[in-house]
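Observations on the model geometry
For reference, the chains in residue letters:
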Amino acid sequence: MSSLAVLHAAQLVTLTGAKRARIGPELSELGIISDGGMLIRDGKLERVGLSDEIEKNIGDAEVVDAGGRAVMPGFVDAHTHLVFAGNRLDDFERRSRGETYEQIAKAGGGIWSTVQKTRAASEVDLLARATKYATWFLRCGTTTVEAKSGYGLTVEDELKILRVMRQLKQEVRLEIVPTFLGAHAVPRELSPDEYLDVVVTEMLPHVTAEKLAEFCDVFCERGYFDIDQSRKILSAAKKVGLSLRGHVDQLTNSGGAKLMAEMSATTADHLEQTDEQGIAALSKANVQPVLLPGSVYALGSSRYPRAREMIEAGLAIVLATDFNPGSSPTPSMPMVLSLACTQMKMSPAEAITASTVNAAYSLNRGDKIGCLEPGKLANFVIFDCEDYRELAYWFGMPQTHSVYVRGDCIV
Ligand SMILES: [Zn+2]
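A brief look at the structure comes next.

Quick notes on the rules
Residues numbered from 1 in each chain as written. Predicted model: local features only at pLDDT ≥ 70, side-chain atom pairs only at ≥ 80, totals over all residues. Heavy atoms only, no water. Patch = residues over 30% accessible without salt bridge, like charges linked within 9 Å, V, L, I, M, F, W, Y side chains within 5 Å. Areas by Shrake-Rupley, 256 points an atom, 1.4 Å probe, with all protein chains shown as cover. Salt bridge = Lys/Arg side-chain N within 4 Å of Asp/Glu carboxyl O. Lys, Arg positive; Asp, Glu negative; His and termini not counted. Charge placed at Lys NZ, Arg CZ, Asp CG, Glu CD. Helix = DSSP H or I, 4+ residues; strand = E, 2+ residues; numbered from the N terminus. Axes fitted to C-alpha atoms, helices over the stretch in contact; angles between N-to-C directions. Parallel < 35°, antiparallel > 145°, perpendicular 65-115°, else oblique. Left-handed = near helix turned anticlockwise from the far one by under 90°. Contact = heavy atoms within 4.5 Å. Nonpolar A, V, L, I, M, F, W, Y, C, P; charged D, E, K, R; others polar. Core = buried A, V, L, I, M, F, W, Y, C linked by side-chain atoms within 4.5 Å. Buried < 20%, exposed > 50% of the residue type's maximum accessible area, 1.4 Å probe, protein only. Pairing = 2+ DSSP bridges. Donors = N, O, S within 2.8 Å, 3.2 Å for Na, K, Ca; no water. Tetrahedral: all angles 85-135°; square planar, octahedral: opposite > 155°, others 65-115°. Expected span 1.5 Å × (residues − 1). Arc of directions from axis to C-beta.

Things to note about a negative patch on the surface
On the surface, a cluster of negative charge is contributed by D35, D52, E53, E55 and D65. Counting residues per element, the negative patch draws most heavily on helix α1 (residues 51-56), which supplies 3 residues. Of note, D65 is situated in strand β4 (residues 62-73).

Below you can see the structure in the form of structure tokens.
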């Protein structure tokens, strides 16, 4: 039995509360213990409380003095595209010169360039890159990420990406939740309907037979997959037992939020263009919105999703990075917190709830991670600040002091 005691956290941000995703005023209830401490045994939290009380029960535990710093659950990033080859530096430079998406695609950029590089890459290459990015996430204080396939777009290459994720789980301490996103774009060699058939009749059976994913996602957007095509893919995925997520209403309000409600999806992601009716539909069907302000920022747009209206409608809001080489090249949840507060008018407390406990529930892991209470995994971060609000306040600077996964110090 290995045991560890963490003492003297200026703020121990526990996020204890209802055993479900938090809504409305609950989003602001962080369950902070001043001068808090925790006792950890075999990777799980055994006691959480005042530092003095923990010290009395310390036994032979190894002691970590948080030294008056803030301690929080590790961030849970519920939307990333972790496995890809190459980068999109040329696109970035072209965009900085004011070129449009169409001009960039014509010059050989856009998602297709990442697909070509990812297809050409071996599993070993992809694993090496993903391992590097996994380290970035841990250094930013993230201990769990959802990761999507979607840069292969052939049976073989989509499976290759998902197998890299499975391998990565063995190699790094970042916890990874895999999502199949074969329907990320239509490959150039097939028509949309031909490719849809490949996704449903070839990819999905392989993915489920090898148990390579927990969720299925689709890019529902003009020029990608329309509402009917998205519905076909999501219905087929549901039939084989996958839970559903979706990229919807990012560039146009096409009714994607309503589709996710109709499908009883777990999450609807992006939602930059979603209107009141879309928000009402999500609320009625209990779908969690996953908001991705990093991609709005990095694309130089000002159209952020309507977070306040979603909170007022009772939605269990989630924040995530959308880490990907094209539109959101950041693994930093603190940067996302900053954007949520400055651009979407969420409070620092709401942003923290959305990026920890609510994100955990959106990955069907609310019983294991996302808050610091007895029985949960000891995934937590000591930050080099005294007040949790500093995480969203100081921006562009890492404040991570140390990161623990299942009670082991990783960073
Ligand atoms: Zn995405």
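Structure's up, so let's keep going.
Overview of the packing of helix α5 (residues 123-139) against helix α6 (residues 155-171)
In contact at an axis separation of 9 Å, α5 and α6 are set at 50° when each is read in the N-to-C sense. If you check the angle between α5 and α6, you find them oblique. Classified by chirality, the crossing of α6 by α5 is right-handed. Contacts from E123, L126, L127, A130 and T131 of α5 reach α6 at K160, R163, V164, Q167, L168 and E171. A class-by-class count of the residues in the contact of α5 with α6 yields 5 nonpolar, 2 polar and 4 charged.

Topic: the packing of α6 against helix α7 (residues 192-209)
Following both chains from N to C, one finds α6 and α7 inclined at 35°, their axes separated by 10 Å at the closest point. Both α6 and α7 take part in a crossing whose hand is right-handed. On the side of α6, the interface is formed by V155, E158, L159 and L162, while α7 contributes V198, E202, M203, H206 and V207. Among the residues forming the contact of α6 with α7, the class breakdown is 6 nonpolar, 1 polar and 2 charged.

Side note on the nonpolar core
In terms of nonpolar packing, the biggest core is built from 106 residues, with L82, F180, I317, L319 and M346 touching the most fellow members. Not counting chain neighbours up to four residues away, the residues in contact with F180 comprise S149, E158, L162, V199, M203, L204, V207, A213, F215, C216 and D217.

Points about the pairing of strand β3 (residues 44-50)
In terms of strand pairing, strand β2 (residues 32-41) meets β3 through 6 bridges, oriented antiparallel. Residue pairing for β3: M38 is matched across the bridge by V48. Counting the residues that bridge the hairpin from β2 to β3 gives 2 residues, and of these D42 lies at a positive phi of roughly 50°.

Focus on the coordination of the zinc ion
Protein-derived coordination of the zinc ion comes from H79 (NE2), H81 (NE2), H247 (NE2) and D322 (OD), at a distance range of 2.1 to 2.4 Å. Seen from the zinc ion, its 4 donor atoms lie at angles of 84 to 168°, and the figure they make is irregular. The exposure class assigned to H247 is buried, which follows from its relative accessible area of 3%. Judged by relative accessible area, which is 2%, D322 ranks as buried.

Focus: α5
With 17 residues, α5 ought to run about 24 Å at 1.5 Å a step, and its terminal C-alpha atoms sit 24 Å apart, in line with that. Every buried residue of α5 is accounted for by L126, L127, A130, Y133, A134, F137 and L138. When α5 is viewed along its axis, its buried side chains cluster within an angular range of 145° and face the same direction. G141 lies just past α5 and shows a positive phi near 95°.

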